[in-house]
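Descriptive analysis of the structure
The lines below spell out each chain.
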Number of protein chains: 2
Amino acid sequence: MMNDMDRPLILISNDDGIEAPGIRELALIAQDMGDVYVVAPMTPQSGQSSAMTVNAPLRVKQHVAAGFGGNVKVYSVSGTPVDCVKLALNRILPRRPDIMLCGINHGSNAGNNLIYSGTMGAVMEACMAGIASVGYSLTDHAMDANFSVTVPFIKEITRRVIAKGLPSALCLNVNFPVGKVIKGMKVVRSAASHWSEEYREYIDPHGIPFYWLTGSQINEEPGATDTDLYWLDRQYATIVPATPDQTNVAAIEAIADVFE
Amino acid sequence: MMNDMDRPLILISNDDGIEAPGIRELALIAQDMGDVYVVAPMTPQSGQSSAMTVNAPLRVKQHVAAGFGGNVKVYSVSGTPVDCVKLALNRILPRRPDIMLCGINHGSNAGNNLIYSGTMGAVMEACMAGIASVGYSLTDHAMDANFSVTVPFIKEITRRVIAKGLPSALCLNVNFPVGKVIKGMKVVRSAASHWSEEYREYIDPHGIPFYWLTGSQINEEPGATDTDLYWLDRQYATIVPATPDQTNVAAIEAIADVFE
């Protein structure tokens, strides 16, 4: 039999919180590939990007692992997805994990959603710690979303990343289309896109207005065939190689000509 | 006399909140260059990255502009720096701003601080909306930090960006060293770095532990002469051209070879 020490240690987190069905799906897939620790936010953290808690203390709670698979250890943290990864690496895991997985997110992290995504915030955090990390998202916000069509793709990608790792400072943002069939996988860039931001205005009982964010994502380059939004629309899974380094290296020389 | 319509419209935000001295310094500098709207968080939002508020309503409050300069309009928002920019663009400003400035931040946003920075989250947000945007930070957390040595540099950078704009999908992350002399400006990349994360453990009155983030930033490439951490250590201001697009475009082909 394989010794426990030979099995990969897999860290799983998300941004929808410990109660979300998607993280149970991911743990059930991962438990056959290694020893799984789930460390996820106590409450939903969508849109939390790489936010971390600096001015408040954090709590950690261990849970009975109902619905996560037999051999999975489950913890929740009273903070953001990034807090979960930091506490997992520093306080919770018995050793450095071999891989970090995040999701399965309820909703798209394609296009410009990448920069706001708490899912990808956690993935970037693990990546900066030198751990091969992958975010999985299904473009369906419903809590009863059907993840079954994503399972063979998640298994294949996860197995390859466990076997081969990823280059340093590179993580993966994987999105799946909704529907009964996924035609294949495309490795692409994030589509330039923005949200048609509209704030709905309400008036409180004291006559004071308040605002709630709404809107929809606009693909600024619908004809570009090398983007995630293009292929998701055509029933392909998309893989965007992402990086936590936000320097625009190509622009350094031109900007230096102006400012130095 | 110059018509009001000819004066640049300048949006200013920060992540330290509307009460922080740094944002008053920035408004005082900017008021000579255009019509200034300050739209900043009601409470400190350090480490909030590109987090936005999706599951709660937002309030907007107009303030008497004490300490901001004579012709400055001042608002606060009950959310993150990104919320401030979104509400400013959608609900508060009379028209699209010509430039967005953020800061002056109390503390460094150099190295890997960039990805966690609420200051740069707001700057990235304005950049994605197509607005030339610059984040200014002084590497001194103190609320009584002395910003005077930074003033001529902020004036020069802001004037040039108002006059010439910036390329699309490119914003600037400007950091200033502490000290009486700044020797010049260097246009560089973010240093690869990480935080030596340690959580201090406390025990509450019920015997349950809780954790508070601490640690210090480690430059992983102290000898690299093309990074912000290198030049800040040598009393230079640093300008990092940054981008909201986190795709690692250079890696697409190699990753496609593995996964498609």
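Below is a short write-up of the structure.

Criteria and cut-off values
Residues numbered from 1 in each chain as written. Chains lettered and ligands numbered in written order. Predicted model: local features only at pLDDT ≥ 70, side-chain atom pairs only at ≥ 80, totals over all residues. Heavy atoms only, no water. Salt bridge = Lys/Arg side-chain N within 4 Å of Asp/Glu carboxyl O. Helix = DSSP H or I, 4+ residues; strand = E, 2+ residues; numbered from the N terminus. Buried < 20%, exposed > 50% of the residue type's maximum accessible area, 1.4 Å probe, protein only. Expected span 1.5 Å × (residues − 1). Least-squares fit on C-alpha atoms with pLDDT ≥ 70 in both. Contact = heavy atoms within 4.5 Å. Phe/Tyr/Trp six-rings, centres within 6.5 Å; stacked < 30°, edge-to-face > 60°. Lys NZ or Arg CZ within 6 Å of the ring centre and 35° of its normal. Pairing = 2+ DSSP bridges. Axes fitted to C-alpha atoms, helices over the stretch in contact; angles between N-to-C directions. Buried area = accessible area lost by both parts, 1.4 Å probe. Polar contact = N/O pair within 3.5 Å; in protein donor to acceptor, adjacent residues only side chain to side chain. Nonpolar A, V, L, I, M, F, W, Y, C, P; charged D, E, K, R; others polar. Parallel < 35°, antiparallel > 145°, perpendicular 65-115°, else oblique. Left-handed = near helix turned anticlockwise from the far one by under 90°.

1. Some points on the pattern of salt bridges
Counted under the stated rule, the structure contains 16 salt bridges over all chains. Its salt-bridge partner being Arg91(B), residue Glu201(A) comes within 2.8 Å of it at the nearest N-O pair. Taken together, the residues span two chains, with Glu201(A) in strand E10 (residues 198-203) and Arg91(B) in helix H2 (residues 81-92). Note on Arg91(B): relative accessible area 37%, which makes it partly exposed. In this structure, Asp204(A) engages Arg59(B) in a salt bridge whose closest nitrogen and oxygen atoms are separated by 2.6 Å. Taken together, the residues Asp204(A) in the loop between E10 and strand E11 (209-214) and Arg59(B) in the loop between strand E2 (35-41) and strand E3 (60-63) connect one chain to another. Judged by relative accessible area, Arg59(B) falls into the partly exposed class, the value being 31%. One salt-bridge network, in which partners are shared between bridges, spans Arg189(A), Glu221(A) and Asp226(A).

2. So, helix H2 (residues 81-92) of chain A
Residues and elements named next belong to chain A. Taking 1.5 Å per residue, 12 residues should reach 16 Å; H2 reaches only 14 Å between its end C-alpha atoms and comes up short. Within H2, nine of the 12 residues are buried, which leaves it mostly tucked inside the rest of the structure. Every buried residue belonging to H2 is among Pro81, Val82, Asp83, Cys84, Val85, Lys86, Leu87, Ala88 and Ile92, and all of these are buried.

3. Observations regarding the relation of the copies chain B and chain A
Structural alignment of chain B on chain A gives an RMSD of 0.0 Å, achieved by rotating through 180° and translating 0.0 Å along the axis. Taken together, the rotation and translation describe the operation of a two-fold axis. A shared interface surface links the copies, since 100% of the contact residues of chain B are contact residues in chain A too.

4. A look at the packing of aromatic side chains
Tallied over the entire structure, the rule returns 12 aromatic pairs over all chains. Ring geometry for Tyr230(A) and Trp231(A): centres 5.1 Å apart, planes at 75°, overall edge-to-face. For the pair formed by Tyr230(A) and Trp231(A), the shared burial category is buried. Ring centres 5.2 Å apart and planes at 10° place the aromatic pair Tyr202(B) and Phe210(B) in the stacked group. Judged by its relative accessible area of 31%, Tyr202(B) is partly exposed. The exposure class of Phe210(B) is buried, given its relative accessible area of 18%. Put simply, the rings of Tyr136(A), Phe153(A) and Phe176(A) pair up and form one aromatic cluster. Against the face of Trp231(A) rests Lys186(A), its NZ or CZ located 4.4 Å from the ring centre.

5. Some remarks on the sheet that holds strand E13 (residues 237-242) of chain A
Spatial ordering of the open sheet is given by E3-E4-E2-E1-E5-E6-E7-E13-E8 (chain A), a layout of nine strands whose pairing is mixed. Both outer strands of the open sheet, strand E3 (60-63) and strand E8 (185-187) of chain A, are each paired with one neighbouring strand and no more. Taken over all neighbouring pairs, the strand axes of this sheet differ in orientation by 20° on average, direction set aside. One ladder, built from six bridges, connects strand E2 (residues 35-41) of chain A with strand E4 (residues 72-77) of chain A; its direction is parallel. The residue of E4(A) that forms the bridge with Val38(A) is Val74(A). Packed on one face of the sheet, helix H7 (residues 252-259) of chain B meets strand E7 (171-176), E8 and E13 of chain A and runs near 160° to E8(A).

6. Structural notes on the interface of chain B and chain A
Listed by partner, the interface residues are 69 residues for chain B and 69 residues for chain A. Taken together, the two surfaces of chain B and chain A that pack against each other cover about 6,500 Å², and 60% of this comes from carbon and sulfur. Looking only at chain B, the three residues that lose the most surface to chain A are Tyr199(B), Gln246(B) and Phe259(B), adding up to 13% of its buried area. There are four salt bridges connecting chain B and chain A. Between the two partners, chain B and chain A, sit 31 residue pairs in polar contact (both at pLDDT 80 or more). With six residues, the top contributor of residues to the side of chain B that touches chain A is H2(B). Class assignment of the residues belonging to the side of chain B that touches chain A gives a composition of 41 nonpolar, 14 polar and 14 charged.

7. Some details on the sheet that holds strand E7 (residues 171-176) of chain B
Two modes of strand pairing occur in sheets, parallel and antiparallel, and in both the strands are linked by backbone hydrogen bonds. Spatial ordering of the open sheet is given by E3-E4-E2-E1-E5-E6-E7-E13-E8 (chain B), a layout of nine strands whose pairing is mixed. On the outer flanks of this sheet lie E3 and strand E8 (185-187) of chain B, each paired with one strand and no other. Averaged over all neighbouring strand pairs, the angle between strand axes comes to 20°, with direction disregarded. Pairing geometry for E7(B) and strand E13 (residues 237-242) of chain B, over five bridges, is antiparallel. Note that in E13(B) the partner of Asn175(B) across the bridge is Thr238(B). Each of E7, E8 and E13 of chain B touches helix H7 (residues 252-259) of chain A; the most contacted strand, E8(B), lies at about 160° to it. Against the sheet, helix H1 (residues 21-30) of chain B touches strand E1 (9-13), E2, strand E4 (72-77), strand E5 (99-106) and strand E6 (133-138) of chain B, its axis set at about 140° to E5(B).

8. Regarding the environment of Asp83(A)
Take Asp83(A): it is sitting in helix H2. Judged by relative accessible area, Asp83(A) falls into the buried class, the value being 0%. Taking the C-alpha atoms as reference points, Asp83(A) and Pro244(A), separated by 161 residues in sequence, lie 16 Å from one another. Leaving out residues up to four positions away in the same chain, Asp83(A) has contacts with Met52(A), Thr53(A), Leu58(A), Val77(A) and Tyr199(B).

9. A short note on the packing of H2(A) against helix H4 (residues 118-128) of chain A
How two helices sit against one another is set out by the angle between their axes and by the gap between those axes. All names here are of chain A. Two elements in contact, H2 and H4, have axes whose closest approach is 7 Å; the angle formed by their N-to-C orientations is 30°. Compared by their axis directions, H2 and H4 come out roughly parallel. Crossing geometry of H2 relative to H4 is assigned as right-handed. Seen from H2, the contacting residues are Pro81, Val82, Val85 and Lys86; seen from H4, they are Gly118, Gly121, Ala122, Glu125 and Ala126.

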